[in-house]
Every structure is written in C-alpha cells, then in structure tokens.
Amino acid sequence: MKQRSFVMLKPDAVKRRLAGEVLTRFEKRGLKIIATKMMIIDSDLAKKHYGEHSEKPFFKDLVNYIISGPVLATVIEGEECISLIRKMVGATNPQEADLGTIRGDYAIDTGRNIIHASDSPASAAREISLFFEDSEICEYTLPDEELIYEEP
Ligand code: UDP
C-alpha cells in the first residue's frame, strides 16, 4: 500500500551539513520526496509534535534541541514506506543502531540522533498535518516507477 511518512532532519543534521546526504539515501532507495521545507520550529509546535513524550524526563531537552536551529521537514511517499524508512533510520539510540542505518552511520548520542521518522500511519497523518498544508504537498509521478515497483 502506498504510504506517506513524515521525516524531519533535526538541527544537528542541518548544521552538520548532512541533510542532502540523508535525503539522497531515501531518493536512491526509490522513495519519492513530495514536500520539504526548512524551518525553525517554535516551542508550541515542538511540544505538539513530541506530545506523547511530555511526561518523560528528556522532554525539556528534546524540545530545546529541536528548536535550537533549522530543521528540514519532509514528506516521503512510497509502498509501505513508514516501516521501510524506520528501518533505514535505525534505533533511537545510535549506539544500538546497525551500521548502514542513518543513525548507525552518522550519530552517536540519543539526544543528537539527527532524524525523526513517523512510526505508524496514524502518527504520519498527524505529523504531516502539523507541519504541512495540503497545498504544500506535491503529487507527481516518478518516470522510473516501473523500475522500482513490479506494479507501479
Ligand atoms: N530521546 C531522548 N532521550 C531518550 C529517548 C528519546 O533524547 O531517552 C529523544 C530522541 O531524540 C528521540 C526522540 O526523543 O529521537 C523521540 O523519542 P522516540 O522514542 O519517539 O524515538 P524515535 O521514534 O525518534 O526513534
């Protein structure tokens, strides 16, 4: 089933000039970027986005980290892409992330793990609508879809 996932390159990724390289990984996998924008999140949006963690001890640091610089908010589309992207991203703690995953290759600390990706269809829908208007999402066909999918 075709899905959309919300992916966000966190301020450490942008400041470490890793944004292009990480997005390239998704492109090379065959996924389609259908929206992206650089923005500095305000703390209201940060708290909404990470609302499920509001009672956790790391919540304040997490919010401060995510508003500390520009992020690249992105929507990616592809078959079953929510779990596929989570696999590409790797474990929350980069020390436990497999080599070859984004966090396993580029990060060391949990609090500086460079990327967010939706963990379910319900969170993807919620997160996409928090960050994007419908009009900011671009629908288009990739010219090589028949080379990526058996049944485009
Ligand atoms: N986080 C943290 N300390 C923790 C757990 C999580 O700083 O002990 C941060 C980390 O940046 C993580 C984010 O909170 O990416 C959201 O946590 P979640 O468990 O949802 O992990 P994710 O889905 O990002 O892998």
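Note that this is a predicted model, so its numbers are computed, not measured.

Here is what the cut-offs are and how they apply
Residues numbered from 1 in each chain as written. Predicted model: local features only at pLDDT ≥ 70, side-chain atom pairs only at ≥ 80, totals over all residues. Pairing = 2+ DSSP bridges. Helix = DSSP H or I, 4+ residues; strand = E, 2+ residues; numbered from the N terminus. Axes fitted to C-alpha atoms, helices over the stretch in contact; angles between N-to-C directions. Contact = placed C-beta atoms within 7 Å. Near = placed C-beta within 6 Å. Nonpolar A, V, L, I, M, F, W, Y, C, P; charged D, E, K, R; others polar. Buried ≥ 20, exposed ≤ 12 C-beta atoms within 10 Å, placed from the backbone. UniProt positions renumbered as here; feature names shortened; annotations may be inferred. Core = buried A, V, L, I, M, F, W, Y, C linked by C-beta atoms within 7 Å.

Novice: When you look at the sheet that holds strand β2 (residues 32–39) in this model, what are you seeing that I'm missing?
Specialist: Backbone-to-backbone hydrogen bonds join strands into a sheet, with any given pair of strands oriented parallel or antiparallel. The sheet built from 4 strands is open, its strands ordered β2-β3-β1-β4 with antiparallel pairing. Each of the sheet's edge strands pairs with one partner strand only, and the pair in question is β2 and β4 (115–117). Along the sheet, successive strands turn relative to each other by an average axial angle of 20 degrees, direction set aside. With respect to the sheet, helix α7 (residues 121–131) is in contact with β1 (2–9) and β3 (71–79), its orientation differing from that of β1 by roughly 55 degrees.

Novice: Just to check I follow, could you spell out the site of the ligand for this structure?
Specialist: Around the ligand lies a shell formed by His53, Phe58, Leu62, Thr92, Thr110, Gly111, Asn113, His116 and Asp119. Along the lines of polarity and charge, the residues of the shell around the ligand split into 2 nonpolar, 6 polar and 1 charged.

Novice: Which parts of the structure should I look at to understand unusual backbone geometry?
Specialist: The phi torsion of most residues other than glycine is negative, and most of the peptide bonds are trans. Its identity as a non-glycine residue notwithstanding, arginine 17 has a phi of 60 degrees, on the positive side. Secondary-structure assignment places arginine 17 in the loop between α1 (11–15) and α2 (19–29). Positive phi, close to 50 degrees, is recorded for glutamate 80, a residue that is not glycine. Its location among the elements puts glutamate 80 in the loop between β3 and α5 (81–89). For glutamate 80, a count of 11 C-beta atoms within 10 Å corresponds to the exposed category.

Novice: Can you walk me through the UniProt feature "domain: Nucleoside diphosphate kinase-like" (unreviewed entry) in the protein in this structure?
Specialist: Those residues carrying the UniProt feature "domain: Nucleoside diphosphate kinase-like" (unreviewed entry) are residues 2–139 in this numbering. As a span, residues 2–139 carries 41% helix and 20% strand, and end to end its C-alpha atoms are 13 Å apart.

Novice: How should the nonpolar core be read in this particular structure?
Specialist: Proteins that are soluble and globular tend to have nonpolar side chains buried together. If you look at the biggest cluster of nonpolar residues, it comprises 33 residues, and the most contacted ones within it are Met8, Leu9, Ile85 and Ile115. Not counting residues up to four positions away in its chain, the partners in contact with methionine 8 are Val71, Leu72, Ala73, Thr74, Ile115 and His116.

Novice: Looking at this structure, I do not really get the pairing of β3. What am I missing?
Specialist: Two faces, one strand: in a regular strand the side chains alternate between the faces of the sheet. Most of β3 is tucked away, with 7 of its 9 residues classed as buried. Direction of pairing for β1 relative to β3: antiparallel, over a ladder of 8 bridges. Bridged to glutamine 3 within β3 is glycine 78. Where β2 and β3 come together, 7 bridges link them in antiparallel fashion. By the bridge assignment for β3, methionine 39 is matched with valine 71.

Novice: Explanation requested: the UniProt feature "active site" (unreviewed entry) in the protein in the structure shown.
Specialist: Here the UniProt-annotated "active site" (unreviewed entry) positions come out as His116. Relative to the elements of secondary structure, histidine 116 occurs in strand β4. The exposure class of histidine 116 is buried, given the 20 C-beta atoms found within 10 Å. With sequence-adjacent residues up to four places away left out, histidine 116 is seen in contact with Val7, Met8 and Lys10.

Novice: Can you help me understand the environment of glycine 111 in this one?
Specialist: Mapped onto the fold, glycine 111 is located in the loop between α6 (102–106) and β4. Glycine 111 gets classed as partly exposed once you count the C-beta atoms within 10 Å, which come to 14. Glycine 111 sits 18 residues away from asparagine 93 along the chain, and the two C-alpha atoms are 8.2 Å apart. Leave out the neighbours within four places in its chain, and glycine 111 touches Phe58, Asp61 and Tyr65.

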